[in-house]
Amino acid sequence: MTAKLVFLGRLEDVAGMGELVVGPGPLEAVLAALEPALAVQLLGERVRMALNGQLIAEGGGIVLADGDELAFLPPVSGG
Amino acid sequence: MTAKLVFLGRLEDVAGMGELVVGPGPLEAVLAALEPALAVQLLGERVRMALNGQLIAEGGGIVLADGDELAFLPPVSGG
Amino acid sequence: MADVRLLGEAFSAMDELAVFTAAHPEAGGLVSFLGQVRQEGGAHAVEALELKHYAAMTLPGMTALAAATEARWRLDGLLILHRYGVMYPGDPIVLVAAAAPHRRDAFAAADFAMDHLKSQSWFWKREKTARGWRWIEPRPDDHRDLARW
Amino acid sequence: MADVRLLGEAFSAMDELAVFTAAHPEAGGLVSFLGQVRQEGGAHAVEALELKHYAAMTLPGMTALAAATEARWRLDGLLILHRYGVMYPGDPIVLVAAAAPHRRDAFAAADFAMDHLKSQSWFWKREKTARGWRWIEPRPDDHRDLARW
């Protein structure tokens, strides 16, 4: 029973890793278990979230289920 | 002592030739010596004229001097 | 119909464009955009560039962009290639090509696709200069470009 | 700085573009437009196309257009190649390429140059179909395109 957090762009540097396997449960509880400095960055205003590849509007109320992948997406800069 | 008329685009077909050597003199006199059907086409509203490679605004008053080249330019269609 | 690829290895932009052009003899006009790592001198020169992507979203997003581009203009063909990974000066980063019966459609489609690749696709870029690696933030221009469509 | 040529013989658009691209490693973005004789089927298919030019004005006009384009946008390089003579389906007619530090400059420069080549340069075109040769008149679109600048 695990879920996965994915840190993109500069968030990978902040986290010191690209992915983190976490236990399922409410997102608030998952974030509370992280380094506070990382959690603050993940909740930054310009960071968007995608659950299993789909953008989600708000993190509030999210409960990670077994096999879920939650990605944290800072502003993009391609091309 | 000669000048040259140059017929571009479809005017070459109308004239049956790309260039015509003519005597110097007022343009009116030069055109009067051509086939009337050709002269009418050369004076068409959408045909512009260039004297020695420079566009001219109006044909009126032009006098061809020795060595002059007068080109008749129908609407362009490049690329 | 579109050829959309997310590439982890260096590619030859000219070879890809030659293949695309040869595949579209029916098109009156072809427009291409090639973005490459600038080769520049000086203390601030970029020595390397890295693009990160997100497997769950980046290629699906590019494919959706290609479909939107094809739906908006009349095209004979569309090519969208984008690198990820570490690149060096002179390396191609992105190649977009549009083939169309009419010139304006080809220009607009390539321009539209590039604006969206730049500011709405899931890529994150960092650059290495003499001072080390630095993440690149989107430029205000990128958002202004997008507002044109 | 611009490379402007009026060509009487067939050329390889891909070879020319490869040379131009290789000459501009400092450019972040390169935009190209290739216009070619459409290869199409059916009773109305174009079998050949002829472009006439006027030696006293056509190349000088192209050179002036290149200078105007370079004056208007910040470019690293500009290439304008245009054929005259008889061409067949698949043959390149015109190749414009712009290299620039910024993407938008490259797009705008190539677009601007093409609009002016189409409707303000001294070329006259005729096409051969099954019904014979026919002179092509400018399209209203061409003038509308020009009014954008």
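Remember, predicted model here, so these are calculated numbers, not experimental data. (Residues numbered from 1 in each chain as written. Chains lettered and ligands numbered in written order. Predicted model: local features only at pLDDT ≥ 70, side-chain atom pairs only at ≥ 80, totals over all residues. Heavy atoms only, no water.)

Trainee: Looking at this structure, I do not really get the overall build of chain C. What am I missing?
Mentor: Looking only at helices and strands, chain C features 4 helices and 8 strands. Helices and strands in chain C line up, N terminus first, as β-α-β-β-α-β-β-β-α-β-β-α. The C-alpha atoms of chain C give 16 Å as radius of gyration, which agrees with the globular expectation for 149 residues (15 Å, within 12%). In terms of principal-axis extent, the alpha carbons of chain C reach across some 50 × 30 × 30 Å. Among the 149 residues that make up chain C, the fraction classed as buried is 58%. Sequence separation of at least 24 residues holds for 77% of the intrachain contacts in chain C that already meet a minimum separation of 6. Accessible surface computed for chain C: about 6100 Å², of which carbon and sulfur atoms make up 53%. When the 17 positive and 19 negative side-chain charges of chain C are each reduced to one mean point, those points stand 5 Å apart. (Helix = DSSP H or I, 4+ residues; strand = E, 2+ residues; numbered from the N terminus. Rg over C-alpha atoms; globule rule 2.2 N^0.38 Å. Buried < 20%, exposed > 50% of the residue type's maximum accessible area, 1.4 Å probe, protein only. Contact = heavy atoms within 4.5 Å. Areas by Shrake-Rupley, 256 points an atom, 1.4 Å probe, with all protein chains shown as cover. Lys, Arg positive; Asp, Glu negative; His and termini not counted. Charge placed at Lys NZ, Arg CZ, Asp CG, Glu CD.)

Trainee: When you look at the pattern of salt bridges in this model, what are you seeing that I'm missing?
Mentor: Side-chain pairs of opposite charge can arise whenever the charged atoms involved come near each other. Tallying each qualifying case throughout the model produces 32 salt bridges over all chains. The salt bridge involving Asp115(D) is made with Arg104(C); its shortest N-O contact spans 3.6 Å. Within this pair, whereas Asp115(D) is found in helix 3 (residues 103-120), its partner Arg104(C) is found in helix 3 (residues 103-120), the two belonging to separate chains. When its relative accessible area of 0% is taken as the criterion, Asp115(D) is described as buried. The partly exposed category is assigned to Arg104(C), whose relative accessible area is 23%. Close ionic contact of Glu47(D) with Lys128(D) constitutes a salt bridge, the shortest N to O distance being 3.2 Å. (Salt bridge = Lys/Arg side-chain N within 4 Å of Asp/Glu carboxyl O.)

Trainee: What exactly am I supposed to notice about the nonpolar core here?
Mentor: Buried together is how nonpolar side chains tend to be arranged in soluble globular proteins. Ranked by internal contacts, the top residues of the largest apolar core, which has 62 residues, are Ile80(C) and Ile80(D). When residues no more than four places from it in sequence are discounted, the contact partners of Ile80(C) are Asp3(C), Val4(C), Arg5(C), Met62(C), Ala66(C), Leu95(C), Val96(C), Ala113(C) and Leu117(C). Membership of the second largest hydrophobic core comes to 28 residues, among which are Leu7(D), Phe11(D), Leu17(D) and Leu81(D). (Core = buried A, V, L, I, M, F, W, Y, C linked by side-chain atoms within 4.5 Å.)

Trainee: Would you take a moment to explain the arrangement of the chains for this structure?
Mentor: The assembly contains 3 pairs of chains in contact; the pair sharing the most contacts is chains C and D. Over all C-alpha pairs, chain B and chain C never come within contact, reaching a minimum spacing of 10 Å. Nowhere do chain A and chain D come into contact; their C-alpha atoms are at least 10 Å apart.

Trainee: What exactly am I supposed to notice about the interface of chain A and chain C here?
Mentor: Interface size is commonly expressed as the accessible area that is lost once the parts come together. Listed by partner, the interface residues are 20 residues for chain A and 23 residues for chain C. Contact between chain A and chain C buries roughly 1800 Å² in total, counting both sides, with carbon and sulfur atoms accounting for 58%. On the surface where chain A and chain C come into contact, there are 3 salt bridges. At the boundary of chain A and chain C, one finds 8 residue pairs in polar contact (both at pLDDT 80 or more). Class assignment for the residues of the side of chain A that touches chain C results in 9 nonpolar, 5 polar and 6 charged. (Buried area = accessible area lost by both parts, 1.4 Å probe. Polar contact = N/O pair within 3.5 Å; in protein donor to acceptor, adjacent residues only side chain to side chain. Nonpolar A, V, L, I, M, F, W, Y, C, P; charged D, E, K, R; others polar.)

Trainee: Whenever I open this one, the sheet that holds strand 2 (residues 19-22) of chain A confuses me. Can you help?
Mentor: Residue and element names in this part refer to chain A. One open sheet holds the 5 strands; their spatial order is 2-1-7-4-5, and the pairing between them is mixed. The sheet is open, and its two edges are formed by strand 2 and strand 5 (54-56), each paired on a single side. Direction aside, the axes of adjacent strands within the sheet are offset by 25° on average. (Pairing = 2+ DSSP bridges. Axes fitted to C-alpha atoms, helices over the stretch in contact; angles between N-to-C directions.)

Trainee: Looking at this structure, how should I read the pairing of strand 7 (residues 123-129) of chain C?
Mentor: A regular strand carries its side chains on alternate faces of the sheet. Residue and element names in this part refer to chain C. Burial runs high along strand 7: 6 of the 7 residues are buried. In terms of strand pairing, strand 7 meets strand 8 (residues 132-135) through 4 bridges, oriented antiparallel. Note that in strand 8 the partner of Glu127 across the bridge is Arg134.

Honestly, that's just the spatial picture; any functional story needs more than this.
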